[in-house]
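Architecture at a glance
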Amino acid sequence: MADEFLQALGLIGRLDADLADIVGRSLAVSLSAVAAAALLALPFGALLATHVFPGRAVLVVLVNTLMGLPPVVVGLAVYLMLSASGPMGPLQLLYTPAAMIIAQAILVFPILAALTREALVAIEEDLGEQLSVFGVTPFERAGTLLWETRAALATALLAGFGRAIAEVGAVLIVGGNIAHVTRTMTTTIALETSKGELALALALGVILILVAGLVNAAVALLKSWNDLAQPARV
């Protein structure tokens, strides 16, 4: 084990080409998935927080439920959708990075939507009456609340990225773990461990832990900044 760990550190230290390729692809896929999910989840969360309409309570419960959606179920659903006999089969996206981005975006969407709604509901208790006095439009109201909760939204985005970068089940199903095409950190760790070749798996594990640590540190810093800024705003 000591030898394997030293080899792993060597791979990291010399920036091994295969290691860099896998890490770069993992970051690209996860960041793209979070960005794609955010384009829909942030407005949707704002809608749930600022508008009253029939079925809103059902949607809130559904979004909160989907936060715990099993990744393999998402992977299976996306696989069926992108397979040759599926509705998106002609696009030939299965076993490509695009398929992994779709799967991860679906997993991240409810997290971002739920956290956005919670953040906006909390801030609206302070600003809702004031915004009503000024007679702002619903879109202006949502935009103002989104801006006022930017620290909380950044935290939500980091939480979504943490979920995406550590995911293995869905991307393995729809990506196929193809070398130099769809192989990511988590799928490579699973593969190399099953083969008994632990050096690369350990190296990727170390990097994955470092990424998780950086995400958690960023979340803590954002929360601290938000706590310090809150009294000044009030």
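Quick note: structure is the one above.
Counting restarts for each chain: residues are numbered from 1 in the order of the written sequence. Local features are withheld for residues below a pLDDT of 70 in this predicted model, meaning they are given only at 70 or higher, and side-chain atom pairs are given and counted only at 80 or more; totals for whole chains, interfaces and linings count all residues. Where side-chain values are given, they derive from all heavy atoms of the structure, hydrogens and water being excluded.

**What to know about the overall build of the protein chain**
- When its secondary structure is counted, the protein chain shows 10 helices and zero strands.
- When the elements of the protein chain are put in sequence order from the N terminus, they spell out α-α-α-α-α-α-α-α-α-α.
- For the protein chain, the C-alpha atoms occupy an extent of roughly 65 × 50 × 25 Å along the three principal directions.
- Out of the 234 residues in the protein chain, the part that is buried amounts to 39%.
- Here a residue-residue contact requires only that any non-hydrogen atoms of the pair lie within 4.5 Å. Restricting to contacts in the protein chain with at least 6 residues of sequence separation, those with at least 24 account for 72%.
- Values of accessible area rely on a 1.4 Å probe in the Shrake-Rupley scheme; residue burial ignores everything except the protein chains shown. Looking at the protein chain as shown, the accessible area adds up to about 12,100 Å², and 71% of this sits on carbon and sulfur atoms.
- Within the protein chain, the 16 negative side-chain charges are centred at a point lying 4 Å from the centre of the 11 positive side-chain charges. Segments assigned H or I by DSSP are reported as helices when at least four residues long, segments assigned E as strands when at least two residues long, and all are numbered from the N terminus. The buried label goes to any residue with under 20% of its type's maximum accessible area, the exposed label to any with over 50%, and the partly exposed label to all in between, with areas taken from a 1.4 Å probe on protein chains only. In this tally Asp and Glu are treated as negative and Lys and Arg as positive; neither His nor the chain ends contributes. By convention, charge coordinates are those of NZ in Lys, CZ in Arg, CG in Asp, or CD in Glu.

**Let's talk about a nonpolar patch on the surface**
- Patch rule: a residue counts if its relative accessible area is over 30% and it has no salt bridge; like charges are joined within 9 Å, and nonpolar side chains (Val, Leu, Ile, Met, Phe, Trp, Tyr) within 5 Å. Salt bridges are counted wherever a side-chain nitrogen of Lys or Arg sits within 4 Å of a carboxyl oxygen of Asp or Glu. A cluster of nonpolar side chains, contributed by Leu76, Tyr79, Leu80, Tyr95, Ile178 and Val181, occupies part of the molecular surface with about 500 Å² of accessible area.
- Following the sequence through the fold, leucine 76 ends up in helix α4 (residues 71–82).

**Things to note about the packing of aromatic side chains**
- Here a Phe, Tyr or Trp ring, Trp counted by its six-membered ring, pairs with any other such ring whose centre lies within 6.5 Å, and the pair is stacked when the planes are under 30 degrees apart, edge-to-face when over 60, and tilted otherwise. Scanning the model with the defined rule gives one aromatic pair in all.
- With centroids separated by 5.8 Å and ring planes inclined at 35 degrees, the aromatic side chains of phenylalanine 44 and phenylalanine 109 adopt a geometry described as tilted. Within this pair, whereas phenylalanine 44 is found in helix α2 (residues 17–50), its partner phenylalanine 109 is found in helix α5 (residues 97–134), the two being separated by 65 residues in sequence.

**Re the pattern of salt bridges**
- Under the defined criterion, the tally for this structure stands at three salt bridges.
- Arginine 25 is paired through a salt bridge with aspartate 21; the nearest N and O atoms lie 2.8 Å apart. Here the residue arginine 25 and the residue aspartate 21 both occupy positions in helix α2, the gap between them amounting to four residues, near one helical turn.
- The class for arginine 25 is buried, based on a relative accessible area of 11%.
- According to the relative accessible area criterion, aspartate 21 is partly exposed, its value standing at 29%.
- Across the salt bridge formed by glutamate 197 and lysine 195, the nearest N and O atoms sit 3.7 Å from each other.

**Things to note about the environment of phenylalanine 53**
- Relative to the helices and strands, phenylalanine 53 resides in the loop between α2 and α3 (56–66).
- In this structure phenylalanine 53 touches Leu47, Leu48 and Leu59, once residues within four positions along its chain are discounted.

**Things to note about the environment of aspartate 16**
- With respect to the element layout, aspartate 16 can be found in the loop between α1 (2–13) and α2.
- For the purposes of these results, a polar contact is taken to be a pair of N or O atoms within 3.5 Å, where, inside protein, one atom must be able to donate a hydrogen and its partner to accept one; residues adjacent in sequence count only when each atom of the pair is a side-chain atom. Separated by 3.1 Å, the side chain of aspartate 16 and the backbone nitrogen of leucine 19 make a polar contact.

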